[in-house]
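The residues making up each chain are set out below.
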Amino acid sequence: MLRVGMLTSGGDCQALNAAMRGVAKSLYEQCSEVEIYGFEDGYKGLIRCQYHIMKPTEFSGILNQGGTILGTSRTPFKRISEPDEDGSDKILSMISTYKKLKLDCLVVLGGNGSHKTANLLSQKGLNVLTMPKTIDNDLYGTDMSFGFQSAIDIAANTIDCIHSTAASHSRVFIVELMGHKTGWLTLYAGMAAGADIILIPEIPYDIDIVADAIRKRTKSGKHFTIIAAAEGAVSKEEAQLTKSELKAKRKKEEYPSAAYRIGAEIFQKTGQEVRVTVPGHVQRGGQPCAYDRVLATRLGAKTAELILEKKYGYMTCVKENKIDVIPISEVAGKTKLVDADSDIIKQAKLIGLSFGDESV
Ligand code: F6P
């Protein structure tokens, strides 16, 4: 009997179910004796031994379903060595659950934080395989994570909707998109929906340059401006601060989020009326787009192939349009950032998009 543990960890995203279905269907198809142990709410289920043996029917009808049928939670890696609520050691508990259930391997669907824990479990001798999920697309080692394209569609649609009202009212609209450390989602959604200014953490902005870009549009007869700003957008001065200095600065400012802060600065500089839209978790919700369904299915099938070959310690990934694998140890602890000198940024600048970093 092949025994496979499975869990979804961290923030949910679209196509988690499609990915699990991809693994399960392939295993059921290729192996006559397989049991899949679904852990509830991410690593929490593994720590507390909360699971159920999944029925093949649970994987039917979920290809286009958002969220995760297993539930998820955040189990921060930085607190993984602290005792669980009942005082037990989280790491030892995870290992003990794995051994008690006689698992052949554990499949983790997760983002950056989840990969650190997966790597730790792998180093402790567990057979672990991972799959890249996140709307942020910031996992190192894969060109694409599932969830990203679906989130772009939602975020771009939000900006599309803002366009008509922005034009009618001659206002500056700021749409704040998810991404604390990286701006992939904001970059792609902003470009897809024709934002005028894009502000992302990797390219710190100068508020005077942002204000100039708005004035330039006004002068050319365009009476509205749409700004796509990542929740982690920072100014050039802020980019020089340490993590704790920035935290202290944010605390003092008392703006609910980045877009409100930037909006206040723009109003002060230009006198133009500013409105803020924060779609928030809408970006992670609803059905996966067709691209994500295919991607998740392919990554799932590849994960199953690795299980059948008993090749462990890898994340399935996308490299140059091909489904590939990369050691989890190479992924854990790194973040894939937008390169300010990359082609996409150059092309965006060529069409006149401002990133608030240099005058246009
Ligand atoms: O990592 C995915 C993500 O959606 C980020 O873009 C966002 O900053 C964060 O999760 C929000 O986390 P939570 O759902 O815990 O509020």
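Calculation notes
Residues numbered from 1 in each chain as written. Predicted model: local features only at pLDDT ≥ 70, side-chain atom pairs only at ≥ 80, totals over all residues. Heavy atoms only, no water. Patch = residues over 30% accessible without salt bridge, like charges linked within 9 Å, V, L, I, M, F, W, Y side chains within 5 Å. Areas by Shrake-Rupley, 256 points an atom, 1.4 Å probe, with all protein chains shown as cover. Salt bridge = Lys/Arg side-chain N within 4 Å of Asp/Glu carboxyl O. Lys, Arg positive; Asp, Glu negative; His and termini not counted. Charge placed at Lys NZ, Arg CZ, Asp CG, Glu CD. Helix = DSSP H or I, 4+ residues; strand = E, 2+ residues; numbered from the N terminus. Buried < 20%, exposed > 50% of the residue type's maximum accessible area, 1.4 Å probe, protein only. Pairing = 2+ DSSP bridges. Right-handed = clockwise from strand over helix to strand, strands pointing away. Phe/Tyr/Trp six-rings, centres within 6.5 Å; stacked < 30°, edge-to-face > 60°. Domains from an automatic or database assignment. Contact = heavy atoms within 4.5 Å. Buried area = accessible area lost by both parts, 1.4 Å probe. Polar contact = N/O pair within 3.5 Å; in protein donor to acceptor, adjacent residues only side chain to side chain. Nonpolar A, V, L, I, M, F, W, Y, C, P; charged D, E, K, R; others polar.

Turning our attention to a positive patch on the surface. A contiguous patch of positive charge on the surface is contributed by Lys78, Arg79, Lys116, Lys181, Lys243, Lys247 and Lys251. In terms of residue count, the dominant contributor to the positive patch is helix H9 (residues 243–253) (three residues). Tracing the backbone shows Lys116 in helix H4 (residues 112–123).

Within strand S1 (residues 2–8), six of the seven residues are buried, which leaves the element mostly enclosed by the surrounding structure. Two elements, S1 and strand S2 (residues 34–39), share five bridges in a ladder whose sense is parallel. Counterpart to Val4 in the pairing with S2 is Ile36. Between S1 and its parallel partner S2, the chain crosses via helix H1 (residues 16–30), and the hand of that crossover is right-handed. Looking at chain direction, S1 and strand S4 (residues 105–110) are connected through five bridges and run parallel. Residue pairing across strands places Met6 opposite Val107, the latter belonging to S4.

What the rule picks out here adds up to four aromatic pairs. Summarising the aromatic geometry, the rings of Phe39 and Tyr51 are spaced 6.1 Å apart at their centres and angled 55° between planes, so their arrangement reads as tilted. Taken together, the residues span a long stretch of sequence, with Phe39 in strand S2 and Tyr51 in strand S3 (residues 51–53) at a distance of twelve residues. For Phe39, a relative accessible area of 0% translates into the label buried. Assessed through its relative accessible area of 31%, Tyr51 is described here as partly exposed. Aromatic pair Phe148 and Tyr188: ring centres 5.5 Å apart, planes at 80°, arrangement edge-to-face. One end of the pair, Phe148, is in helix H5 (residues 148–169); the other, Tyr188, is in helix H6 (residues 184–192), and 40 residues separate them in sequence. Taken together, Tyr37, Phe39 and Tyr51 form an aromatic cluster joined through their ring pairs.

Annotation of the protein chain at the domain level lists domain 1 (2–147 + 288–331) and domain 2 (150–284). For domain 1 and domain 2, the distance between their C-alpha centroids amounts to 34 Å. Taken together, the 13 residues of domain 1 in the interface contact eleven residues of domain 2. With both sides pooled, the region where domain 1 packs onto domain 2 buries about 920 Å², and carbon together with sulfur makes up 46% of that total. Three residues, Gln14, Ile135 and Asp136, lead the burial of domain 1 against domain 2; their summed loss comes to 50% of the area buried on that side. We note a salt bridge from Arg284 to Asp12, for which the minimum N-O separation is 2.9 Å. Seen at the junction of domain 1 and domain 2, the total is six residue pairs in polar contact (both at pLDDT 80 or more). In the side of domain 1 that touches domain 2, the residues fall into four nonpolar, four polar and five charged.

Looking now at a nonpolar patch on the surface. Where nonpolar side chains cluster on the molecular surface, the patch consists of Tyr255, Tyr260 and Val278 and spans about 260 Å² of accessible area. For Val278, the position within the fold is in the loop between strand S9 (274–277) and helix H11 (290–308). With relative accessibility at 39%, the residue Val278 sits in the partly exposed group.

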